[in-house]
Amino acid sequence: MRALAGIAAALLLAGGALAAPAKVDDPVKGIVASPQWKAARDSLKAGHDRFVADIITITEIPAPPFGEEKRGAAVRAMFDQIGLVDVRVDSVGNVIGLRKGTGAESGLVVIAAHLDTVFPAGTDVRVKRQGTILSAPGVGDDSRGVAALIAIARALDAGKIRTKRDILFIANVGEEGQGDLRGVRHFFGNDPLAKRVSAFFSIDGTDASRIVTGGVGSKRYHAIFRGPGGHSYGAFGLVNPMVAMAKSVAALYEITPPTDPKTTYSASVTGGGTSVNSIPNAVFMEFDMRSVSAAELAALDGKFRAIVEKAVADENAARSTRAGTISVELKVIGERPAGHTPDDSPLVRNTQAAIRAVGLSPELEASSTDSNIPMSLGIPAVTIGSGGKGARAHALDEHIDVAEPLSSQGLIAGLTSLVAAAGLAR
């Protein structure tokens, strides 16, 4: 039985006349049976070399944190070339273009991918190619995703697909790290079109079977512990901010967080001090806390803050404060809201069906992506992969495999999911 299903999916992708698999939901079944979809699918496969060239072009334009301007300018030109209308760059750097629907149904569908990478300015982002393997920092996260936006828009036109709802294409800034989802956050907080959004897709990563329906929330701090400092020998006995920081870390790691909903913490970056023979006057630590549950994240945050306050108070009580006391400054450096799109929502069901239609088995997951923002606002949102295979994301040896047919499968699934959300106009 599995073998027959696999043959059916393969013939469907190859352009055969076979009907969609029986498990495909009705909206998706109708889409994949349409001549417009078949023409768009064939265009994606025929244009795969162009898609790969776009990946390379986008990857080789540096887009370090808070420095996405050059890549954004190139993508804006691409948006113009593929016929999107009202193309613009907003005040934070998001590149936005509209594909008009027929207006038969209200609402607006957004499909987005992020411009930024985790790599600092000066990183060598030249792509090295060996056969179907492309290697470069950021090539899969998320240069391939941005190229997928372009490919899907081209395919919609090639197939002469009309949708009932408008589709907004966004290449957004600030998804990674301390970017803190600033591009999508800005869009939903400031853009007039945000009020019309009825569904949101983020393309991030490669695995086309993966659907992110749970938004992992996070709270991140840069904690600075300060004290009077002094000579390690001559001022021995004075309060030491390093002790308060160490006690904070040790006490945090005494907490046993729930495994369901998954909740985590990490003490991750540290530094400070003057010299080996000095009591430090300032040290810092960065902390990361995450949960798929907003309530559990808030509870962990409260425990963490109480731990830090107690560690400071304990150090001030344990040693001399004749030269000054220990204090702490907690600076929030990241705050991502948790959220969830119900598994039985039409967006999730149709996205699952679209993935099945290309012969893959969909898997629902939780992660921290741009979809966190609309999820937290109650807007149906999912994050999907762009296809192919990838490894070593966020590493200098990051690489993707653009071998066919797996590379095009993700593009076809993304196209199908988008049309299902926007509604195919006959």
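Presented here is a report on the structure given in the accompanying data block.

Attention now moves to the packing of helix α8 (residues 241-252) against helix α9 (residues 294-318). Close contact between α8 and α9 brings their axes to 8 Å; oriented N to C, the two are set at 140°. Between α8 and α9, the interaxial angle falls into the category oblique. Once α8 is placed against α9, the crossing between them reads as right-handed. On α9, the residues touching Val 243, Ala 244, Lys 247, Ser 248, Ala 251 and Leu 252 of α8 are Phe 304, Ile 307, Val 308, Ala 311, Val 312, Asp 314 and Glu 315. A breakdown of the residues in the contact of α8 with α9 according to their chemical character gives nine nonpolar, one polar and three charged.

Looking now at the pattern of salt bridges. The tally for this structure, following the rule as stated, stands at 22 salt bridges. Where Lys 164 meets Glu 105, a salt bridge forms, and the shortest distance between an N and an O atom there is 3.6 Å. A residue pair is termed long-range when its members are at least 10 positions apart, and Lys 164 in the loop between α6 (139-158) and β6 (166-172) and Glu 105 in the loop between β2 (95-99) and β3 (108-114) qualify at 59 residues. With a relative accessible area of 30%, Glu 105 lands in the partly exposed category. Three or more residues joined by partner-sharing salt bridges are found here, namely Glu 175, Asp 180, Arg 185 and Arg 336.

What follows deals with the packing of helix α5 (residues 69-81) against α6. Between α5 and α6, the least distance of the axes is 10 Å, while the angle of their chain directions is 20°. When the interaxial angle is binned, α5 and α6 end up roughly parallel. For the element pair α5 and α6, the recorded crossing hand is right-handed. Here Arg 71, Val 75, Met 78 and Phe 79 of α5 come into contact with α6, specifically with Ser 143, Val 146, Leu 149 and Ile 150. Looking at side-chain class alone, the contact of α5 with α6 contains six nonpolar, one polar and one charged residues.

So, about helix α12 (residues 406-422). Across its 17 residues, α12 extends 25 Å between first and last C-alpha, which sits within 8% of the 24 Å expected from 1.5 Å per residue. α12 sits mainly inside the fold: 16 of its 17 residues count as buried. Phi turns positive one or two residues past the end of α12, at Gly 423, with a value near 85°.

Strand order in the open sheet formed by four strands is β11-β13-β9-β14, and the pairing between neighbours is antiparallel. Looking along the sheet, the strands with just one partner apiece sit at the ends: β11 (263-272) and β14 (327-336). Looking at each pair of strands side by side, their axes are set apart by 15° on average, direction ignored. Direction of pairing for strand β9 (residues 217-226) relative to strand β13 (residues 282-291): antiparallel, over a ladder of 10 bridges. Within the sheet, the bridge partner assigned to Arg 220 lies in β13 and is Asp 288. Sheet strands in contact with α8 are β9, β11 and β13, and its direction is about 15° off that of β13.

Definitions and limits used
- Residues numbered from 1 in each chain as written.
- Predicted model: local features only at pLDDT ≥ 70, side-chain atom pairs only at ≥ 80, totals over all residues.
- Heavy atoms only, no water.
- Axes fitted to C-alpha atoms, helices over the stretch in contact; angles between N-to-C directions.
- Helix = DSSP H or I, 4+ residues; strand = E, 2+ residues; numbered from the N terminus.
- Parallel < 35°, antiparallel > 145°, perpendicular 65-115°, else oblique.
- Left-handed = near helix turned anticlockwise from the far one by under 90°.
- Contact = heavy atoms within 4.5 Å.
- Nonpolar A, V, L, I, M, F, W, Y, C, P; charged D, E, K, R; others polar.
- Salt bridge = Lys/Arg side-chain N within 4 Å of Asp/Glu carboxyl O.
- Buried < 20%, exposed > 50% of the residue type's maximum accessible area, 1.4 Å probe, protein only.
- Expected span 1.5 Å × (residues − 1).
- Pairing = 2+ DSSP bridges.

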